[in-house]
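# Geometric and topological summary
Okay, here's what each chain looks like letter by letter:
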Amino acid sequence: GNFQNGFYISGFTQYANLQTREYTDEDVKLSNTENKLGLGIGIGYRKFSYKGFYWGTGLSVGRYIIRDDDDYNDGGTLFDFSEIIFNFELLKFGWAF
């Protein structure tokens, strides 16, 4: 046919730069910055047309493994959700060329 279907497995890295700002009536100042680097894996399904258009779904999960600041963790929870990377794509459309 005119389509190519298939499941995929992927790996990824993710960098995040988080900044907290304090707003006053006169000024805005930066109060905290955190840099994080994470690794993860993903699985999904894609269906490509012969013209390069595709649709699919996927799930990616990972964890930040390098963090330079721990001010974003409140310390009062059982799990530190600021370390988790989670991405779910239900109906992803695109074009591959």
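### Digging into the pairing of strand S1 (residues 3-23)
Taken together, the 21 bridges between S1 and strand S2 (residues 28-49) define a ladder with antiparallel strand orientation. Note that in S2 the partner of Thr13 across the bridge is Leu39. The antiparallel pairing of S1 with S2 creates a hairpin that spans four residues between the two strands.

### Some words on the sheet that holds S1
Sheets are built from strands that pair by backbone hydrogen bonding, the pairs being arranged parallel or antiparallel. Taken in spatial order, the four strands make up an open sheet running S1-S2-S3-S4, and their pairing is antiparallel. Only two strands of the sheet have a single neighbouring strand rather than two, namely S1 and strand S4 (84-95). Strand after strand, the sheet turns through a mean of 25° between neighbouring axes, direction not considered.

### Notes on the packing of aromatic side chains
Each aromatic ring pair is described using two quantities: the centre-to-centre distance and the angle formed by the ring planes. Applying the stated rule across the entire model yields four aromatic pairs. The interplanar angle of 45° and the centroid separation of 5.2 Å between the aromatic rings of Phe48 and Tyr54 together place this pair among those described as tilted. Tyr54 sits in the buried class, given a relative accessible area of 17%. A network of ring pairs unites the aromatic residues Phe7, Tyr45 and Trp55 as a single cluster.

### Looking at the environment of Arg63
Relative to the elements of secondary structure, Arg63 occurs in strand S3 (residues 53-67). The sequence separation of Arg63 and Ser82 amounts to 19 residues, and the corresponding C-alpha distance is 9.0 Å. Excluding anything up to four places from it in sequence, Arg63 contacts Gly38, Leu39, Glu83 and Ile85.

Calculation criteria
Residues numbered from 1 in each chain as written. Predicted model: local features only at pLDDT ≥ 70, side-chain atom pairs only at ≥ 80, totals over all residues. Heavy atoms only, no water. Pairing = 2+ DSSP bridges. Helix = DSSP H or I, 4+ residues; strand = E, 2+ residues; numbered from the N terminus. Axes fitted to C-alpha atoms, helices over the stretch in contact; angles between N-to-C directions. Phe/Tyr/Trp six-rings, centres within 6.5 Å; stacked < 30°, edge-to-face > 60°. Buried < 20%, exposed > 50% of the residue type's maximum accessible area, 1.4 Å probe, protein only. Contact = heavy atoms within 4.5 Å.

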